[in-house]
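Listed here are the chains, written in short residue letters.
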Amino acid sequence: MVAVHPEAFFQLPLYFDLGATLLFGLSGALLAARRGYDPVGLFVVALVTGVGGGLLRDGLFLQQGPPVCVQDGRYLLVVLIASVAGYFFAAALDRIRGLLFVVDAIGLGTYAVVGVQKSLALGLGVGAASFVGVLNAVGGGLLRDVLVREEPFLFKPGEYYALVAGAGASLFCLLTVALEWPAPRAAAVAIAVTFALRVVSHRLGWTTAPARTGPHPRVEAPLRPDQE
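Residues numbered from 1 in each chain as written. Predicted model: local features only at pLDDT ≥ 70, side-chain atom pairs only at ≥ 80, totals over all residues. Heavy atoms only, no water.

Caption draft 1: Quick look at the packing of helix H1 (residues 14-34) against helix H2 (residues 39-62). Direction vectors running N to C along H1 and H2 enclose 140°, while the axes themselves pass 7 Å from each other. The orientation of H1 relative to H2 falls into the category oblique. The hand of the H1/H2 crossing is right-handed. Residues Asp-17, Thr-21, Phe-24, Gly-25, Gly-28, Ala-29, Ala-32 and Ala-33 of H1 touch H2, and the partners they reach there are Leu-42, Val-45, Ala-46, Thr-49, Gly-50, Val-51 and Arg-57. Within the contact of H1 with H2, the residues separate by chemical class into 8 nonpolar, 5 polar and 2 charged. (Axes fitted to C-alpha atoms, helices over the stretch in contact; angles between N-to-C directions. Helix = DSSP H or I, 4+ residues; strand = E, 2+ residues; numbered from the N terminus. Parallel < 35°, antiparallel > 145°, perpendicular 65-115°, else oblique. Left-handed = near helix turned anticlockwise from the far one by under 90°. Contact = heavy atoms within 4.5 Å. Nonpolar A, V, L, I, M, F, W, Y, C, P; charged D, E, K, R; others polar.)

Here is the structure:
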């Protein structure tokens, strides 16, 4: 395991975390709006999607007191902003078919980087930090699917998602730990690469394969719940 000094070069501006919360919260809010949820239901789905990964990160792995999202009121504020946008402007936003995909792809890389940064700052090795980064990126979507009674998208054969988050998390570790890049610059590069990989894999139709115990018919890649 590679030891990392907590104050070395892993401090990211708070707006990275708040930005990811806003993007994922908007994704959840738009999904709830498309399903016809009322304002309370929409806010709950946006909240779970926006901060769910952080709750899993802080509650299960980092365990440094109460989760950040309940210590700092700005997290709930950005979820509220996402909820209001999703409630009042869902019809207009829904006409932009690629918006949810773009929002989700940007948020995926951002949350992966934030999870890695917080883990490295607490002295976790690069392997554990990368895992926590992936969980931070996909955890909100996992909890969202369970909440709206969908089979979690993460468990089904389909487009590269967790793998792309893992690539971004690993790249951030490489740039900061091995190459000692400043964290903001490394984060920007890792987020951009994650976004590019997500877009390219989607455009080219790259999909994961199901586990095989015998002959299976071809499985088409399912849509994420927020892309239906």
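Read on, since the account is not over.
Caption draft 2: Focus on the UniProt feature "transmembrane region" (unreviewed entry) in the protein. Here the UniProt feature "transmembrane region" (unreviewed entry) sits at residues 12-33, 40-56, 76-93, 98-114, 120-139, 160-179 and 185-201. A distance of 23 Å separates the end C-alpha atoms of residues 40-56, which is 100% helix and 0% strand. The span residues 160-179 is 85% helix and 0% strand, and its two end C-alpha atoms sit 27 Å from each other. (UniProt positions renumbered as here; feature names shortened; annotations may be inferred.)

Caption draft 3: Representation of H2 in the model. Here H2 is 24 residues long and its end C-alpha atoms lie 32 Å apart, about the 34 Å a rise of 1.5 Å per residue gives. Of all the bends in H2, the greatest, near 50°, is centred on Val-51. Two to three positions downstream of the cap, the backbone nitrogen of Val-40 sits 3.2 Å from a side-chain oxygen, assigning the N-cap of H2 to Asp-38. Looking one or two residues past H2, Gln-63 carries a phi angle of roughly 45°, positive in sign. (Expected span 1.5 Å × (residues − 1). Bend = angle between axes of the 7 residues up to and from the residue. Polar contact = N/O pair within 3.5 Å; in protein donor to acceptor, adjacent residues only side chain to side chain.)

Caption draft 4: Structural detail: the packing of H2 against helix H5 (residues 99-121). The interhelical angle for the contact between H2 and H5, taken along N-to-C directions, is 20°, at an axis separation of 11 Å. Of the possible angle classes, the one that applies to H2 and H5 is roughly parallel. Crossing angle aside, the handedness with which H2 passes H5 is right-handed. Counting all contacts with H2, which are made through Gly-50, Val-51, Arg-57 and Leu-62, the residues of H5 involved are Tyr-111, Val-114, Gly-115, Lys-118 and Ser-119. Its residues placed into classes, the contact of H2 with H5 shows 4 nonpolar, 3 polar and 2 charged.

Caption draft 5: Spatial organisation of the side chain of Asn-136. Tracing the chain through its elements places Asn-136 in helix H6 (residues 126-147). Side-chain polar atoms of Asn-136 contact the side chain of Arg-57, separated by 3.2 Å. The contacts of Asn-136, once residues within four sequence positions are left out, are Gly-53, Gly-54, Arg-57, Tyr-111, Val-114 and Gly-115.

Caption draft 6: Representation of the packing of aromatic side chains. For the structure shown, the criterion picks out 5 aromatic pairs. Ring centres 5.1 Å apart and planes at 90° place the aromatic pair Tyr-87 and Phe-88 in the edge-to-face group. Residues Tyr-160 and Trp-206 carry aromatic rings whose centres are separated by 6.3 Å and whose planes lie at 45° to one another, so their mutual orientation is tilted. One end of the pair, Tyr-160, is in the loop between H6 and helix H7 (162-178); the other, Trp-206, is in the segment after helix H8 (183-204), and 46 residues separate them in sequence. Directly above the aromatic system of Trp-181 lies the positively charged group of Arg-185, at a separation of 4.3 Å from the ring centroid. (Phe/Tyr/Trp six-rings, centres within 6.5 Å; stacked < 30°, edge-to-face > 60°. Lys NZ or Arg CZ within 6 Å of the ring centre and 35° of its normal.)

Caption draft 7: Main features of the environment of Val-78. For Val-78, the position within the fold is in helix H4 (residues 73-94). The exposure class of Val-78 is buried, given its relative accessible area of 13%. Counting along the chain gives 53 residues from Val-78 to Gly-25, while the straight-line C-alpha distance between them is 7.9 Å. Other than its neighbours up to four places away in sequence, Val-78 contacts Leu-18, Thr-21 and Leu-22. (Buried < 20%, exposed > 50% of the residue type's maximum accessible area, 1.4 Å probe, protein only.)

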